[in-house]
Amino acid sequence: MIEENLIRVKASIPEYVTLVAVSKTHPNQAIEEAYQCGQRDFGENKVQELLEKANELPTDIRWHMIGHLQTNKVKFIVPFVHLIHGVDSWKLLKEIDKQAAKVKRVIPCLIQFHIAKEETKFGFSMDEVNELLQSPDFQSLDSVQINGVMGMATFTSNERTIRNEFNTLKKYFEQLKNSFFKNDAHFSILSFGMSNDYQIAVEEGSNMIRVGSSIFGSR
Ligand SMILES: *Cc1c(COP(=O)(O)O)cnc(C)c1O
């Protein structure tokens, strides 16, 4: 089933879009099945689960931390994580920088924006990000690399709402690119789109989608 699902999702997106297979709550066996099909990018949202899986699965898997990350857990994933999607506070970014320096890595991060209507979703506003990126404190960090933006649309069946929110995120990306990252080729990732909305996301400019249930089944 996983193989068919992967093929179907891959066939429905352009080649430049990176598919992160969100394997949270699913067992290693499911990940291995996807791995056998050539999938290498996997997303998890809990540190403990990510650590256990990374410990047991092939070392060439690119692990994406997609969930809300607590500062006290950063140190556990920094030695191996491929990309941290959910950077939603200055405190977190500073901690990633500190822990990354200790293991002599530069960690690719995405700025998470709050674009949805739900209060429960995490993320910055554009004003906060502008302020952050201008601050000397940010400029002094040298073990994190801001590679783009991430966001989650409102959970709704209203396509127009979703489309508008993704469009906003795309605009934020472009504004930040122009203002702060013009000559920085690393700043190139737009991470938005999940099982229910990844088609809309790609139409609105996403180049990295995070898809769980459409690949591994419901949780
Ligand atoms: C769970 C999760 C996904 C995947 O959700 P599906 O609806 O199963 O595709 C994507 N992004 C984040 C941040 C998630 O927590």
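For the structure itself, consult the block above.
A quick note: this is a predicted structure, and the numbers were derived from the prediction, not measured. (Residues numbered from 1 in each chain as written. Predicted model: local features only at pLDDT ≥ 70, side-chain atom pairs only at ≥ 80, totals over all residues. Heavy atoms only, no water.)

A.B. asks: Explain the pairing of strand β6 (residues 144-151) to me, please; I cannot follow it from the model alone.
C.D. replies: Strand residues, when the strand is regular, have side chains that alternate between the two faces of the sheet. Of all eight residues making up β6, seven are buried, and the element is well covered by its neighbours. With seven bridges joining them, strand β5 (residues 107-113) and β6 adopt parallel strand pairing. Counterpart to I107 in the pairing with β6 is V144. Bridge count for β6 against strand β7 (residues 189-191) is three bridges, and the pairing is parallel. Within the sheet, the bridge partner assigned to V149 lies in β7 and is L190. (Buried < 20%, exposed > 50% of the residue type's maximum accessible area, 1.4 Å probe, protein only. Helix = DSSP H or I, 4+ residues; strand = E, 2+ residues; numbered from the N terminus. Pairing = 2+ DSSP bridges.)

A.B. asks: Please explain the site of the ligand as it appears in this structure.
C.D. replies: Around the ligand, a shell composed of V22, K24, I66, M150, M152, M194, S195, R210, V211, G212, S213 and R219 is seen. S195 places a side-chain nitrogen or oxygen 2.5 Å from an oxygen atom of the ligand. At 2.8 Å, a backbone N or O of S213 approaches an oxygen atom of the ligand. Look at the ligand: alone it shows 390 Å² of surface, and the protein chains cover 92% of it. (Near = heavy atom within 4 Å. Polar contact = N/O pair within 3.5 Å; in protein donor to acceptor, adjacent residues only side chain to side chain. Areas by Shrake-Rupley, 256 points an atom, 1.4 Å probe, with all protein chains shown as cover.)

A.B. asks: Just checking my understanding: could you explain the packing of aromatic side chains for this structure?
C.D. replies: Describing an aromatic ring pair means giving the distance of the ring centres and the angle of the ring planes. Applying the stated rule across the entire model yields six aromatic pairs. Relative to F187, the ring of F181 has its centre 4.1 Å away and its plane inclined at 0 degrees; by these criteria the two rings are stacked. By the ring-pair criterion, three or more aromatic residues cluster together here, those being F173, F180, F181 and F187. Here the guanidinium or amino end of R40 rests over the ring plane of Y35, the centre of that ring lying 3.6 Å away. (Phe/Tyr/Trp six-rings, centres within 6.5 Å; stacked < 30°, edge-to-face > 60°. Lys NZ or Arg CZ within 6 Å of the ring centre and 35° of its normal.)

A.B. asks: Is there a simple way to think about the packing of helix α6 (residues 126-134) against helix α8 (residues 159-180) in this case?
C.D. replies: Relative placement of two packed helices is described by the angle separating their axes and the distance separating the axes. In the contact formed by α6 and α8, the axes pass within 12 Å of each other and the chain directions differ by 20 degrees. Comparing the axis directions of α6 and α8 gives the class roughly parallel. For α6 against α8, the interelement crossing comes out right-handed. Judged by residue contacts, M126, V129, N130, L133 and Q134 of α6 engage Y172, Q175, L176 and F180 from α8. Partitioned by chemical class, the residues of the contact of α6 with α8 number six nonpolar, three polar and no charged. (Axes fitted to C-alpha atoms, helices over the stretch in contact; angles between N-to-C directions. Parallel < 35°, antiparallel > 145°, perpendicular 65-115°, else oblique. Left-handed = near helix turned anticlockwise from the far one by under 90°. Contact = heavy atoms within 4.5 Å. Nonpolar A, V, L, I, M, F, W, Y, C, P; charged D, E, K, R; others polar.)

A.B. asks: Is there a simple way to think about helix α1 (residues 2-11) in this case?
C.D. replies: Residues spaced three or four apart along an α-helix face the same direction, because each turn holds 3.6 residues. Within the sequence span of α1, burial applies to I2, N5, L6 and V9. Summarising the axial view, the buried residues of α1 lie within an arc of 100 degrees, below the 170-degree limit, and thus occupy one face. Exposed side of α1, more than 90 degrees from the buried face: I7 and A11 are the residues found there. Packed against the buried residues of α1 are β1 (18-22), α2 (28-36), α9 (198-203), β8 (208-211) and α10 (213-216). (Arc of directions from axis to C-beta.)

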